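Residues per chain, in single letters:
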Amino acid sequence: MDRDLVHRQTAASAIKHISLGVAGLGCEDALIHLFIYVWPNIFETSPHVVNAVMEAIEGMRVASGAAMVLNYCLQGLFHPSRKVREVYWKIYNSLYIGSQEAVVAAYPVLEDEKNNIYSRLNW
């Protein structure tokens with residue numbers, strides 16, 4: 001994607017339309033390749049670019065699945081920087097609203113610890 005904001009906005013919008021157009025046709029590998037170009041733009045400050053990037057991520061969620069987007073999103077949810085966390089939580093919240101059942105199924109498995117039990121108890 002180009003350095004100019006207008007070109008990045010246009011590219012993100014085009015990737016959104018491409019991903020929604022090929023949803024369900026088995027093009028996930030090509031879409032992930034395009035997604036790698038969209039993802040670094042999540043930290044943009046221009047409202048138009050932010051909106052276009054969020055829409056492209058939503059299009060990728062529909063076409064490639066919520067589990068793929070969640071794998072990219074989990075890395076920043078607990079980042080030390082507040083600005084980074086805010087962006088990742090915004091993406092996670094829209095991901096959760098858009099496809100709750102798919103996100104819950106893709107959560108990572110956590111092992112039980114001495115003080116914390118993460119597995120369900122069967123009574």
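Placed above this text is the structure.
Here's a quick rundown of the structure. (Residues numbered from 1 in each chain as written. Predicted model: local features only at pLDDT ≥ 70, side-chain atom pairs only at ≥ 80, totals over all residues. Heavy atoms only, no water.)

1. Points about the overall build of the chain
Note the threshold: Here a helix means four or more residues in a row that DSSP labels H or I, a strand means two or more in a row labelled E, and each is numbered from the N terminus. Only protein chains enter the calculation, and the probe is 1.4 Å; a residue is then buried if its accessible area is under 20% of its type maximum, exposed if over 50%, and partly exposed in between. Any two residues having at least one pair of non-hydrogen atoms within 4.5 Å are treated as being in contact.
If you tally the helices and strands in the chain, you get six helices and zero strands. Mapped in sequence order, the helices and strands of the chain form the string α-α-α-α-α-α. Dimensions of the chain along its principal axes, counting C-alpha atoms only, are 55 × 35 × 20 Å. Going through the 123 residues of the chain one by one, you find that 31% of them count as buried. Across the chain, every contact between residues at least 6 apart in sequence was considered, and the portion connecting residues at least 24 apart equals 59%.

2. Describing helix H1 (residues 5-21)
Note the threshold: One fewer than the residue count of a helix, multiplied by 1.5 Å, yields its expected span.
Look at H1: 24 Å from first C-alpha to last across 17 residues, which is about the 24 Å you get at 1.5 Å a residue. The secondary structure elements touched by the buried residues of H1 are helix H2 (28-38) and helix H3 (47-64).

3. Notes on the layout of surface pockets
The cut-off we apply is this: Only protein atoms enter the 1 Å grid used here. Points where a 1.4 Å probe fits but cannot escape make up a cavity, open sets with protein on both sides within 12 Å along at least five of seven lines make up a pocket, and a residue lines them when an atom lies within 4 Å of a point. Grid points are joined across faces, edges and corners, and a volume is the space filled by probe spheres set on the points. Throughout this entry, Asp, Glu, Lys and Arg are counted as charged residues, while Ala, Val, Leu, Ile, Met, Phe, Trp, Tyr, Cys and Pro are counted as nonpolar. The remaining residues, Gly among them, count as polar.
In this structure, the largest pocket spans a volume of roughly 240 Å³. For the largest pocket, the full set of lining residues is Ile-42, Phe-43, Glu-44, Thr-45, Val-50, Val-53, Met-54, Lys-83, Glu-86, Val-87, Lys-90 and Ile-91. Of all elements in the fold, only H3 and helix H5 (82-98) reach the threshold of two or more residues within the lining of the largest pocket. With five residues, H5 is the largest single contributor of residues to the lining of the largest pocket. Across the lining of the largest pocket, the residue classes tally to seven nonpolar, one polar and four charged.

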